[in-house]
Amino acid sequence: MKLKNQIRICPKCGSVDTESKITILQADGVPFIITCNSCNYQGYLFPEIQKSKIKEFQKDIRKFNRK
């Protein structure tokens with residue numbers, strides 16, 4: 001559920017350029033696929049964070065990906 005002042009963010013690259021891909025399987029209860037338009041990562045769960053926390057989240061993602 002999307003709350004006011006929250007935005008979905010890619011857990012791989014930290015981009016907010018994401019979209020939901022609705023499939024025919026949704027009618028059977030299968031969740032929709034979310035795609036990051038920046039890195040093409042696909043998954044069922046993308047975190048939704050406060051817009052004010054975007055830069056902090058992106059910094060943490062870059063730090064994590066360097067390891």
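Refer to the structure printed above.
What this report covers is the structure whose coordinates are included nearby.

Cut-offs applied
Per chain, residues are indexed from 1 in the order of the written sequence. This being a predicted model, a pLDDT of at least 70 is required before a residue's local features are given, and a value of 80 or more before pairs of side-chain atoms are given or counted; all residues contribute to the totals for chains, interfaces and linings. As a convention, hydrogens and water are excluded, and side-chain values are obtained from all of the structure's heavy atoms. Helical segments are the DSSP runs of H or I of at least four residues, strand segments are the runs of E of at least two, and each set is numbered from the N terminus. Relative accessibility under 20% of the residue-type maximum defines a buried residue, over 50% an exposed one, and the middle range a partly exposed one, all with a 1.4 Å probe and only protein chains included. Contacts: residue pairs with any heavy atoms within 4.5 Å of one another. Aromatic rings from Phe, Tyr and Trp, taking only the six-membered ring of Trp, are treated as a pair when their centres fall within 6.5 Å; an angle between ring planes under 30 degrees marks them as stacked, one over 60 as edge-to-face, and anything in between as tilted. Strand pairing is assigned whenever DSSP identifies at least 2 bridges connecting the two strands.

Observations regarding the overall build of the chain
Item 1. Summing up its helical and strand segments, the chain has one helix and five strands in all.
Item 2. The order of helices and strands in the chain, counted from the N terminus, is β-β-β-β-β-α.
Item 3. Counting across all 67 residues of the chain, residues that qualify as buried make up 27%.
Item 4. For the chain, restricting intrachain contacts to residue pairs at least 6 apart in sequence, the fraction spanning at least 24 positions comes to 49%.

Notes on the packing of aromatic side chains
Item 1. Within this structure, the stated rule accounts for one aromatic pair.
Item 2. A ring pair is formed by Tyr41 and Phe46, whose centres lie 5.6 Å apart and whose planes are at 40°; its orientation type is tilted.
Item 3. Residue class for Phe46 comes out buried when judged on its relative accessible area of 9%.

Notes on the pairing of strand E3 (residues 33-36)
Item 1. Here four bridges tie strand E2 (residues 18-21) to E3, and the two strands are oriented antiparallel to one another. By the bridge assignment for E3, Glu19 is matched with Thr35.
Item 2. Note: E3 against strand E4 (residues 42-43), two bridges, orientation antiparallel. Residue pairing in the sheet places Ile34 in a bridge with Gly43 of E4.
Item 3. Connecting E3 to the next strand, E4, in antiparallel fashion are five residues, including Asn40 with a positive phi near 65°.

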